Amino acid sequence: MSNIKVNLENTGFKKEELMKYNEKVEKAHEELHSVADNEDDFVGWLHLPTNYNKEEFERIKKCAEKIKKDSEVFLVIGIGGSYLGARAVIESLTNTFYNACSNIKTPKIFFVGNNMSPNYMNDLLECIGNKDISITVISKSGTTTEPAIAFRIFREFMESKYGVDEARKRIYITTDKEKGALKTLSNEEEYETFVIPDNIGGRYSVLTAVGLLPIAVAGIDIDKLMYGAKNAEDKYNENSVKYNQCYQYAVARNILYSQEKTTEILVNYEPKMQYFTEWWKQLYAESEGKENKGIFPTGAMFTTDLHSIGQYIQEGRRNLFETVISIENPETDITIKKDADNIDGLNFVADKTMDYVNKKAMQGTIEAHVAGGVPNIIITMERLDAENLGELIYFFELSCAISGKLLGVNPFNQPGVEAYKKNMFRLLGKPGV
């Protein structure tokens, strides 16, 4: 049974339109698979669920168990793809109030090195207090400004707290297998080190050690996560748009883009998925936003955002379309009870569950937005668990690669990211800039 389903009935175009792209899709499919095992191409994620490093995978689980035993707090230092995927999975699959729950036995997990706010850093240091901590630093080069500054601060903090030798045992590095500042330091200090594969870019790296170590520390079953991704790898191996729903989503986006629908809103009705949206935004923005092309990816959390940006979506500029993620079976539910006084006038929902009401809100919103000229793509997942989320991650990675190729851009580079860095380094007086 397919856990992920794509519904294009509310897009405003007929399914026959998809087949006009079939030749281009088959070509893109062949291009991806022909270089999937090349070290010089960034397509290593394509067969990762099958070809991942099994020895390293077991070492990740072993280190996660050590961290869970000796640490109350686990810090994840990284930016962009070096933290968004891990945070997306952790927040999707753990208690909504994970860090605030005293009955949760795994370490509290905080993310740092993704901004340069002194307030954020000082607040985090205050929050940690005298708790036992371990950290992971994730960076291909080790010189990316935000995580490098954070690591400098927390390395000093840990060496002062534990001494150099004990601090070494609590620092875990994920970086290049051979070169770079972080790799050099890891060799010198003998830190436990994991590898960022050469042929997998940051935004596609969540199913490597980049994401898997923090995810495992949170107590999530990474075997099931990889199993779901493997299901997706097998299922979406068909090169025809007619049978491949992953490719149907990619083509649908390009059809809507050709109709001047230049902004895509990823909509969730589950707050746990907020950071999944953030991961998705980076994936599509860095992959497609180049050469003055691309759909602008943004996100909304409904029903919350219906009370803020809902008016614009309903009646603003008609350059929008929505991709709605619907979770078929909730993990938990609450039945709304009848109130004798009915002062709030809500007895019409008595004996109904919150999930039922939430889904009717979703249905009503889709109907309203489609009637208002906003096409909707609906992606249904069976339930929010590790296996289904692994499949959804792979679904979006593959559809993004195909969509970028249909758009005519390289979906695996991000040359524009360097522009602000050059100016920042110049303004800071970095030598040689």
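Residues numbered from 1 in each chain as written. Predicted model: local features only at pLDDT ≥ 70, side-chain atom pairs only at ≥ 80, totals over all residues. Heavy atoms only, no water.

We now examine helix α6 (residues 118-128). Listing the buried residues of α6 in full gives Met121, Leu124 and Ile128. An end-on view of α6 places all buried positions within 65° of arc, on one side of the element. Turned more than 90 degrees away from the buried face of α6, the exposed residues are Pro118, Asn119, Asp123 and Glu126. Its buried side turned inward, α6 meets β2 (73-77), β3 (108-112), β4 (133-138) and α7 (145-162). Sitting at the amino-terminal end of α6 is Ser117, which places a side-chain oxygen 3.3 Å from the backbone nitrogen of Asn119. Downstream of α6 by one or two residues, Gly129 has phi in the positive range, about 55°. (Buried < 20%, exposed > 50% of the residue type's maximum accessible area, 1.4 Å probe, protein only. Helix = DSSP H or I, 4+ residues; strand = E, 2+ residues; numbered from the N terminus. Arc of directions from axis to C-beta. Contact = heavy atoms within 4.5 Å. Polar contact = N/O pair within 3.5 Å; in protein donor to acceptor, adjacent residues only side chain to side chain.)

Attention now moves to the pattern of salt bridges. Scanning the entire structure with this criterion turns up 31 salt bridges. The partner of Asp70 in a salt bridge is Lys66, with the nearest N and O atoms 2.8 Å apart. Placement of the pair is Asp70 and Lys66 together in helix α4 (residues 54-70), with a separation of four residues, close to one helical turn. Classification of Lys66 as partly exposed rests on a relative accessible area of 33%. Of the charged contacts in the structure, one is a salt bridge between Glu264 and Arg253, with a shortest N-O distance of 2.7 Å. You can see Glu264 sitting in strand β7 (residues 263-268) and its partner Arg253 sitting in helix α12 (residues 245-258), a full 11 residues away along the chain. With respect to class, Glu264 is no different from Arg253; both count as buried. In this structure, a network of salt bridges that share partners links the residues Lys140, Asp176, Lys177, Lys179 and Asp198. (Salt bridge = Lys/Arg side-chain N within 4 Å of Asp/Glu carboxyl O.)

Our focus in this paragraph is the sheet that holds strand β9 (residues 320-329). On the basis of which strands lie adjacent, the open sheet formed by five strands has the order β1-β10-β9-β7-β8 and mixed pairing. Looking at which strands have only one partner, the edges of the open sheet turn out to be β1 (4-10) and β8 (296-301). Averaged over all pairs of adjacent strands, the angle between their axes in this sheet comes to 25°, without regard to strand direction. Across five bridges, β1 lies against strand β10 (residues 376-383) in antiparallel orientation. Directly across from Val6, in β10, lies its bridge partner Ile379. (Pairing = 2+ DSSP bridges. Axes fitted to C-alpha atoms, helices over the stretch in contact; angles between N-to-C directions.)

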